[in-house]
Amino acid sequence: MCKCSFVRVACVALALAAASLAQEYSVNEPNNSDVVFNGVQSSDVSLTFDDSEIVVNPGERLDLNCGFKGEYRYCIWEVEGAKPIQVEDVYGNFHPGMSKPEVSEGNECGIVINSVSTEQHGMWTCRVFITGNSLEGTKNVIVTVKPTYPVLEVDNSQLLEVTSEEETPVKCVVAAARPAVGIRWFLGDKDVTVMAETEETPTDNEGMYKSISTLRRTFEPMENGMTLTCSVSHKTLTVPENESIPLNVIFKPVEKPVSTYYQIRPGSDYEVKLNFSANPPPIRKEWRYGDSFQNIAVSIEIPGAKDRYETYIEELGNGMYTATLRIAGFKEEDANQRYLLVVENDIGETTYKVRLSMDDAPKDTLSGGAVAGIVIVVLVIVAAVAAAGYARYRQMFCFAPVVTPDPEEGKETKEEHSDTESARGANTTRAANLKNSLGRLTQVFKKPKKEQETKLENIGDDEKRSLTTDDPKKGSPVKEQNVDDKELTGETRIPEEMLPPIQNSEQNNSEVKRELSDEIKVPEDGTPHMVNAEQKPAEKKEVVYAELDLGKSESDKKTEVKAEDKTEYAQIVGTVTDNREDEKKE
């Protein structure tokens, strides 16, 4: 009995332990996850929660959204170091400074903190309890802390002294901020942040950071007197906070190329003015001259005077100076001299060379680089033109011929077929009958092609124009045809009694027969006479032309168009006689 009771107690204890472990299980899903379960997942319930980080300034409104789909028992919000906040209590106004969201659909467990404080910084967890399980989502809420003022770590806070041609590190420090600040560097208006490295170090467990940015740069003489600025940006700042310091760049007198002065008039008092820069100020400065730069015989202190030469110096500020050499009564021998300006300071010494000339200044000429650039451009243009010409010659690329249908070709073919069809008639049977009946007649008028071409060439322009009219006084109407027609055809006028019987009784055949009988007039013997168009017959004659179809096919066969057939023309003259004399004789 005791053994059974012990076993039962042990089973119950194990069951309770398993249930407790299931309730404590937690999974954090990524951003915009739908479901975060502490137990067995179910398709009937889901949690809508965005776990992305929120950065908010003290005093601003903080919306903590948490949506739930399905039936749940209750939900709470938890923050590190504080008691849980029940959502129902917030909705019942039991928590001052907190309120219900304006839109609760899809945000059933959300709350609003009207004015956030630094004590509410940390990880916030929305936990929803359902039967036998709980769902939760966690996000980091960063309540900002305004950064401390930036500090430049330099020996002299009033002036940053650096040496030219040496790399100098400069540090800008922000002791505390939440979150970390952003630091940028400016030299005058130029952004030089790319030469800086920033280190961010946490100072506590509350998200406070110390930021140190180190700029490493080799400063140049021309940057002397400029301002170096450390600019700090942060979410709590409407405008960046800046810490600036002026630069004092130490450098020896800056070198310059040879200086030449032109158009000096002989006999005039001429002043040679040469600008230079040096920091610190020069401790020795003098003018020298001689026959050449290697053979300098005379030296004059600045300020000073000797013979016709006088020297003095002017300080322009910020390490800039102007040294002057005045020559009284300039002579040709002065133009033949060579002059040196020697300047020395604590950093080094520099010599400046000067030439004087009475000639005009040379015109501006192109440098070697500019000439080379022009030559390259010209060569590129020549190569492009040559390539285009080659492509055109070879018909390549855009110069390739484009195959397009020739509209004239179709038109000519259509005209040729229309002329041939008009001679044949409406159907092939009628055309075959006409060809068979006129076969012997057309053989009489057939002429060699070469003779016909010669005859047509001898016809004058006026006569050619007259051939296109129907007036017999102006000549015979000749219709121009292509010599290369596919069928040898001709045009004639034939008496009605010479026409063969036409079996087709359609209207178009009757019209053709009627037209032929009306137009053709020849002598009674039916023998037309062929004459030259240039002849002038004594008798009254009527000149007519006919398009002859000289096909050799039988009448009962269909007309076939052959490529080797040629179209030739014959001039047919019909002699009109007076038949009354013959009647009287009879």
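You'll find the structure just up there.
Residues numbered from 1 in each chain as written. Predicted model: local features only at pLDDT ≥ 70, side-chain atom pairs only at ≥ 80, totals over all residues. Heavy atoms only, no water.

## A short note on unusual backbone geometry
In this chain, Asn279 is followed by Pro280 through a cis amide linkage whose omega measures 10 degrees. With respect to the secondary-structure elements, Pro280 resides in the loop between strand 21 (270-277) and strand 22 (284-290). Pro303 follows Ile302 through a cis peptide bond whose omega is -5 degrees. With respect to the helices and strands, the residue Pro303 is situated in the loop between strand 23 (296-301) and strand 24 (304-306). Even without a glycine there, the phi angle at Asn93 is positive, about 65 degrees. By the element assignment, Asn93 lies in the loop between helix 2 (87-91) and strand 7 (98-99). (Helix = DSSP H or I, 4+ residues; strand = E, 2+ residues; numbered from the N terminus.)

## Considerations on the side chain of Arg127
Position of Arg127 relative to the elements: it lies in strand 9 (residues 122-130). Owing to a relative accessible area of 18%, Arg127 belongs among the buried residues under this scheme. Only 3.2 Å separates the side chain of Arg127 from the side chain of Glu78, close enough to count as a polar contact. (Buried < 20%, exposed > 50% of the residue type's maximum accessible area, 1.4 Å probe, protein only. Polar contact = N/O pair within 3.5 Å; in protein donor to acceptor, adjacent residues only side chain to side chain.)

## Notes on the sheet that holds strand 25 (residues 309-317)
With antiparallel pairing, four strands are arranged side by side in an open sheet as 21-26-25-24. In this open sheet, the two strands that pair with only one neighbour each are strand 21 and strand 24. Direction aside, the axes of adjacent strands within the sheet are offset by 20 degrees on average. The pairing of strand 24 with strand 25 spans three bridges and is antiparallel. Bridging across to strand 25, Gly304 finds its partner in Thr311. (Pairing = 2+ DSSP bridges. Axes fitted to C-alpha atoms, helices over the stretch in contact; angles between N-to-C directions.)

## Quick look at the environment of Trp77
Within the secondary structure, Trp77 sits in strand 5 (residues 74-79). Separated by 32 residues in sequence, Trp77 and Cys109 place their C-alpha atoms 8.6 Å apart. Engagement of the side chain of Trp77 in a polar contact is seen with the backbone oxygen of Cys109, the distance being 2.8 Å.

## Focus: the sheet that holds strand 5
An order of 2-10-9-5-6 is seen for the five strands of this open sheet, with the pairing classed as mixed. Sheet topology places strand 2 (54-56) and strand 6 (85-86) at the edges, where each strand pairs with a single neighbour.

## Some thoughts on a nonpolar patch on the surface
On the surface, Val371, Val375 and Leu379 cluster together to form a nonpolar patch covering roughly 250 Å² of accessible area. Within the secondary structure layout, Val375 lies in helix 4 (residues 368-393). (Patch = residues over 30% accessible without salt bridge, like charges linked within 9 Å, V, L, I, M, F, W, Y side chains within 5 Å. Areas by Shrake-Rupley, 256 points an atom, 1.4 Å probe, with all protein chains shown as cover. Salt bridge = Lys/Arg side-chain N within 4 Å of Asp/Glu carboxyl O.)

## Points about the nonpolar core
Within the largest apolar cluster, 26 residues are counted, with the highest numbers of intra-cluster contacts made by Leu64, Cys66, Trp77, Trp124 and Val128. Per element, the largest residue contribution to this core is four residues, and it comes from strand 9. (Core = buried A, V, L, I, M, F, W, Y, C linked by side-chain atoms within 4.5 Å.)

## Notes on the environment of Val254
Tracing the backbone shows Val254 in the loop between strand 19 (241-250) and strand 20 (259-261). Judged by relative accessible area, which is 30%, Val254 ranks as partly exposed. Measuring from C-alpha to C-alpha, the distance between Val254 and Ala278 comes to 6.5 Å, with 24 residues separating the pair along the chain. In contact with Val254, other than residues within four places in its own chain, are Pro221, Ser277, Thr350 and Tyr352. (Contact = heavy atoms within 4.5 Å.)

## Regarding the state of the cysteines
This model, assessed by the stated rule, comprises three disulfides. One disulfide in the model links Cys172 with Cys230; its S-S distance is 1.9 Å. Judged by the sign of its S-S torsion, about -75 degrees, the cystine formed by Cys172 and Cys230 is left-handed. In this pair, Cys172 is assigned in strand 13 (residues 167-177) and Cys230 in strand 18 (residues 227-233), connecting sequence segments 58 residues apart. Here the cysteine-cysteine linkages of the protein chain are recorded as 1-4, 2-3, 5-6, numbering only bonded cysteines and doing so in sequence order. (Disulfide = S-S within 2.5 Å.)

## Re the packing of aromatic side chains
The way to describe two aromatic rings as a pair is by their centre distance and the angle between their planes. Taken as a whole and judged by the stated rule, the model has nine aromatic pairs. For the ring pair Phe49 and Trp77, a centre distance of 6.2 Å and an interplane angle of 40 degrees mean the geometry is tilted. With a gap of 28 residues between them, Phe49 in the loop between strand 1 (46-48) and strand 2 and Trp77 in strand 5 connect regions that are remote in the sequence. Side by side, Phe49 and Trp77 carry an identical accessibility label, which is buried. Centroid distance Tyr289 to Tyr309: 4.6 Å. Interplanar angle 35 degrees. Geometry classified as tilted. Of this pair, Tyr289 sits in strand 22 while Tyr309 sits in strand 25, placing them 20 residues apart in sequence. According to the relative accessible area criterion, Tyr289 is buried, its value standing at 9%. (Phe/Tyr/Trp six-rings, centres within 6.5 Å; stacked < 30°, edge-to-face > 60°.)

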